[in-house]
Amino acid sequence: YHKNKAKGIMKAGHVFTVEPMINLGVPGDATWGDNWTAVTTDGKRSAQFEHTVLVTDNGCEILTARENEPVMCWNEDLISR
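Scoring rules and cut-offs
Residues numbered from 1 in each chain as written. Predicted model: local features only at pLDDT ≥ 70, side-chain atom pairs only at ≥ 80, totals over all residues. Heavy atoms only, no water. Helix = DSSP H or I, 4+ residues; strand = E, 2+ residues; numbered from the N terminus. Rg over C-alpha atoms; globule rule 2.2 N^0.38 Å. Buried < 20%, exposed > 50% of the residue type's maximum accessible area, 1.4 Å probe, protein only. Contact = heavy atoms within 4.5 Å. Pairing = 2+ DSSP bridges. Axes fitted to C-alpha atoms, helices over the stretch in contact; angles between N-to-C directions. Polar contact = N/O pair within 3.5 Å; in protein donor to acceptor, adjacent residues only side chain to side chain. Patch = residues over 30% accessible without salt bridge, like charges linked within 9 Å, V, L, I, M, F, W, Y side chains within 5 Å. Areas by Shrake-Rupley, 256 points an atom, 1.4 Å probe, with all protein chains shown as cover. Salt bridge = Lys/Arg side-chain N within 4 Å of Asp/Glu carboxyl O.

Novice: Please clarify how the overall build of the protein chain should be interpreted in this entry.
Specialist: Assigned secondary structure in the protein chain consists of zero helices and seven strands. Along the chain direction, N to C, the helices and strands of the protein chain fall in the order β-β-β-β-β-β-β. Relative to the 2.2 N^0.38 estimate, which gives 12 Å for 81 residues, the radius of gyration of the protein chain is 16 Å and therefore markedly larger than a compact globule would have. Taking the principal axes of its C-alpha atoms as reference, the protein chain extends roughly 40 × 35 × 30 Å. Buried positions account for 6% of the 81 residues belonging to the protein chain. Partitioning the intrachain contacts of the protein chain with sequence separation of at least 6 by distance along the chain shows that 45% fall at a separation of at least 24.

Novice: Explain the sheet that holds strand 7 (residues 59-62) here, please?
Specialist: Strand pairing in a sheet relies on backbone hydrogen bonds, with the paired strands running either antiparallel or parallel. If you trace the three strands from one edge of the open sheet to the other, you get 1-6-7, paired in antiparallel fashion. Taken across any chain shown, the strands that pair with only one partner, and hence form the sheet edges, are strand 1 (15-18) and strand 7. Across the sheet, the mean angle separating the axes of adjacent strands is 35° when strand polarity is ignored.

Novice: Looking at this structure, I do not really get the pairing of strand 7. What am I missing?
Specialist: A regular strand carries its side chains on alternate faces of the sheet. Pairing between strand 6 (residues 51-56) and strand 7: four bridges, direction antiparallel. Within the sheet, the bridge partner assigned to V55 lies in strand 7 and is C60. Between strand 6 and strand 7, which follow one another and run antiparallel, lie two residues.

Novice: What's the story with the side chain of N23 in this structure? I'm lost.
Specialist: Position of N23 relative to the elements: it lies in strand 2 (residues 21-23). At a separation of 3.3 Å, a polar atom in the side chain of N23 contacts the main-chain carbonyl oxygen of V26. If near-sequence neighbours (up to four positions away) are discounted, N23 is found in contact with G28, T40, R45 and S46.

Novice: Even after reading the chapter, I still don't get a nonpolar patch on the surface, so can you show me in this structure?
Specialist: There is a patch of nonpolar side chains on the surface, built from M10, F16 and V18 and spanning about 250 Å² of accessible area. Tracing the backbone shows F16 in strand 1.

Now the structure itself:
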């Protein structure tokens, strides 16, 4: 992540979260004094969601996936430049 100080290699059994913040305006963000609340620097609307991911011997498992939720896969055939 942006200011990662704990660099290393993920191994089977490790768990991490992916927490994108999608902003309507500028990409900048700030954290309030409670050290938890994240807001956009321009005050425009944003959306945030997260998934918890378990690294397995064969790849990964999304622990927070809902039943019947479509799985996003990388498909090079859909890339257009």
